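Reading the structure
Chain by chain, the residues run as shown.
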Amino acid sequence: MNDRKTLTFALMDPPYESARTTTAFRLLHAAIAQGHDVNVFAYEGAVALPFARQAPHANATHGRSAEEERHPVPREWVDALAAMAREKGTAFDWVNCGLCVDERGVGEAVACARRGSPADFWKMAEASHNTLVIGTR
Amino acid sequence: MANYLFFESRDVFESNDVQRLCELAIQLRRAGHGVALFLVQNGTLSARAGVAASRLHQAIAAGVHVLADEFALAERGIGTERLAGGVEVAPLGEAVGLLAAGWKAAWH
Amino acid sequence: METLQVISGAYRATYEEQDDTILWLTQAMVAAGARMAVLLRCNAVNYAVRAQQAPALAIGTWQQAHPPAIAADLARIVASGVPVHVVREDAEARGLRAGDLAEGVHLVRQGEVADLVARHGRVWMW
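Scope of this entry: the structure provided in the associated data block.

1. Some details on the interface of chain B and chain C
Every contact between the two is made by 16 residues of chain B and, on the other side, 22 residues of chain C. In this assembly, chain B packs against chain C so that about 1,500 Å² is buried in total across both faces, 50% of it on carbon and sulfur atoms. If you sort the residues of chain B by the area they bury against chain C, Phe71(B), Glu75(B) and Arg82(B) come out on top, with a joint share of 40%. Across the contact surface, chain B and chain C share one salt bridge. Linking Arg82(B) and Asp100(C) is a salt bridge whose minimum nitrogen-to-oxygen distance equals 2.8 Å. Scanning the region where chain B abuts chain C turns up ten residue pairs in polar contact (both at pLDDT 80 or more).

2. Digging into the pattern of salt bridges
For the structure shown, the criterion picks out 18 salt bridges over all chains. Across the pair Arg20(A) and Asp13(A) runs a salt bridge, and its minimum N-O distance is 2.6 Å. Just as Arg20(A) is buried, Asp13(A) falls in that class too. Between Arg26(A) and Asp69(B) there is a salt bridge, with its nearest N and O atoms 2.7 Å apart. Placement of the pair is Arg26(A) in helix 1 (residues 19-33) and Asp69(B) in strand 3 (residues 65-69), with the two residues belonging to separate chains.

3. Comments concerning helix 3 (residues 70-79) of chain C
Residues and elements named next belong to chain C. Burial in helix 3 covers these residues: Ile-70, Ala-71, Asp-73, Leu-74 and Ile-77. Along the axis of helix 3, the buried residues cluster in a sector spanning 160°; they form a single face. Positive phi appears at Gly-81, one or two residues downstream of helix 3, with a value of about 95°.

4. Some remarks on the interface of chain A and chain C
Where the parts come together, the accessible area they lose is often given as the size of the interface. Listed as interface residues are 27 residues of chain A and, on the opposing side, 23 residues of chain C. Around 2,100 Å² of area is buried between chain A and chain C when both sides are counted, 55% of it from carbon and sulfur atoms. Contact with chain C buries area across many residues of chain A, yet Tyr16(A), Thr61(A) and Trp77(A) alone supply 25% of it, more than any other trio. Run the count over chain A and chain C and you get one salt bridge. Glu17(A) is the salt-bridge partner of Arg12(C), the closest N and O atoms lying 2.9 Å from each other. Our count for the chain A to chain C interface comes out at 15 residue pairs in polar contact (both at pLDDT 80 or more). Those elements that provide at least two residues to the side of chain A that touches chain C are helix 1, helix 2 (66-69) and helix 3 (74-88) of chain A. The greatest single-element share of the side of chain A that touches chain C, amounting to eight residues, is contributed by helix 3 of chain A. Partitioning the side of chain A that touches chain C into residue classes produces eleven nonpolar, eight polar and eight charged.

5. With respect to helix 1 of chain A
Residue and element names in this part refer to chain A. With 15 residues, helix 1 extends 21 Å between its outermost C-alpha atoms, agreeing within 8% with the 21 Å of an ideal straight helix rising 1.5 Å per residue. When you tally the buried positions in helix 1, you get 14 out of 15 residues, the bulk of the element. Here helix 1 starts with a cap whose side-chain oxygen sits 2.9 Å from the backbone nitrogen of Arg-20, and that cap is Ser-18.

6. Digging into the sheet that holds strand 1 (residues 3-8) of chain B
Residue and element names in this part refer to chain B. Pairing is parallel in the open sheet, where five strands are placed in the order 4-3-2-1-5. Whereas interior strands pair on both sides, the edge strands pair on one side only; in this sheet they are strand 4 (88-90) and strand 5 (104-107). Taken pair by pair, the neighbouring strands of this sheet meet at an average axis angle of 25°, ignoring direction. Pairing of strand 1 with strand 2 (residues 34-39) involves six bridges; the strand directions are parallel. Across the sheet, Leu-5 pairs through a bridge with Ala-36, a residue of strand 2. Of the strands in this sheet, strand 1 and strand 2 are in contact with helix 1 (residues 17-30), which crosses strand 1 at around 165°.

7. What to know about the packing of helix 1 of chain A against helix 3 of chain A
Residue and element names in this part refer to chain A. The interhelical angle for the contact between helix 1 and helix 3, taken along N-to-C directions, is 10°, at an axis separation of 9 Å. With respect to helix 3, the element helix 1 is oriented roughly parallel. Facing helix 1, whose interface residues are Thr-21, Thr-22, Phe-25, Leu-28, His-29, Ile-32 and Ala-33, helix 3 presents Pro-74, Trp-77, Val-78, Leu-81, Met-84, Ala-85 and Lys-88. Looking at the contact of helix 1 with helix 3 residue by residue, the class counts come to ten nonpolar, three polar and one charged.

8. Description of the pairing of strand 1 (residues 3-7) of chain C
Residues and elements named next belong to chain C. Most of strand 1 is tucked away, with five of its five residues classed as buried. Going residue by residue along strand 1, you find Thr-3, Gln-5 and Ile-7 tucked away on one face and Leu-4 and Val-6 tucked away on the opposite face as well. Examined bridge by bridge, strand 1 and strand 7 (residues 122-125) share four bridges and lie parallel to one another. For Val-6, the partnering residue across the bridge sits in strand 7 and is Met-125.

Each value, and the rule that gives it
- Residues numbered from 1 in each chain as written.
- Chains lettered and ligands numbered in written order.
- Predicted model: local features only at pLDDT ≥ 70, side-chain atom pairs only at ≥ 80, totals over all residues.
- Heavy atoms only, no water.
- Contact = heavy atoms within 4.5 Å.
- Buried area = accessible area lost by both parts, 1.4 Å probe.
- Salt bridge = Lys/Arg side-chain N within 4 Å of Asp/Glu carboxyl O.
- Polar contact = N/O pair within 3.5 Å; in protein donor to acceptor, adjacent residues only side chain to side chain.
- Buried < 20%, exposed > 50% of the residue type's maximum accessible area, 1.4 Å probe, protein only.
- Helix = DSSP H or I, 4+ residues; strand = E, 2+ residues; numbered from the N terminus.
- Arc of directions from axis to C-beta.
- Nonpolar A, V, L, I, M, F, W, Y, C, P; charged D, E, K, R; others polar.
- Expected span 1.5 Å × (residues − 1).
- Pairing = 2+ DSSP bridges.
- Axes fitted to C-alpha atoms, helices over the stretch in contact; angles between N-to-C directions.
- Parallel < 35°, antiparallel > 145°, perpendicular 65-115°, else oblique.

Here is the structure:
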C-alpha cells in the first residue's frame, strides 16, 4: 500500500490519571485502522500501561459485577492494538523505557510490550515518517 | 513552507498557555505555513459559542484550520449547533491522516 | 456533619474509570450513610450538562461495554437527595445556558460560595 507510513508516538502518563491516555490510544487505533505501522515509546508512568497484573473490578455504585462492569484495564488495550495490527497486517511495536519500568516495579508486562531505552525511541523516530510526543502536563 | 498540526488538549480557563499556542498558530499561518489546530479533550470546551475568553475566532480569521474531536464534543454535550463559527467537527482519524501526510505535529 | 465536595477539574481519565472519580466517591460514601453536598465549579460545571453522551471506546479489538455516563451519575446523585450546586459565572463563561443543565441542580453566584462553604462542617476541595 503506497499510503502506508510509519508513525511513532511517545506516551508519558500512567494509567487512570489523564484523558491523554484515552486520546493517545484512540490515535493509535486510528493509525492502525488506516493501515500504518505504529511504534510506541512508553516513558515514565506510561510504562505501567501494559503492566500484566492490572485487574478489572466490580462497581457496586453502578450495581454491576466484575463480569458485567468489564472495567477497562489498559494492558488489554495494548494487547487489543497488537491484535488489530496482526489482523491488518501492519507492524505494532511497543517499547517500555527499562529504567522507568525498574523504578516502578512494573516489569511484568503483556507479551507484545518489550523493554528498551531512549535510544530505541530515537531510532524509531529516525525511521518514521512522523512522530508525536504526548507529554505529561 | 511547512504544515503544522497542533493538538490542543487544554482549555482557556485552566491554562493561559492555551492563548500562547493560538498566537503561535496565527504567527505560523501569517508566515505562510499551513496550520491546523485540533481540539481534543477539554480543549473542545473552548469551541462552544459564547466562550468570551477564547481566541479561536482570531485563529480562524487568520486562516488556521480549527477542528474539534467529535468524540470529545459528544462526551461534553457540545452539539454541532452550539459550536463557534468556523470550528469544524472531525473524527480523530483526520489528525492521523495529517500525521501520515507529514505535518509537523505537537501536543499541547 | 455534612461535607461539601468541591469539584473543579473535569474529564480526567473518565473513560478508564467509566466515571468521574469524585462523583463516584460521593455516591459510594452517601450509600454508606454520609451526608454530602456537591459544588461544581470551573470546568466541572460541564458535568451538569444534560446532553453529555460519551461514546463507547473502541481500542484495537477491544470494545467498551460501559462508557462513562456522567449526566446519569449526576441525576442519580440529585435523586438521592444530595444538593448539587453549580457556579453560575463559571457556567456562563463556558457558554452554558440554564436550559442546558440537569434538573435539580442549583445555580449559585460566585459571591454565594463563601456562604455555602461556611454552612458545611467539612469542605473537601478535590
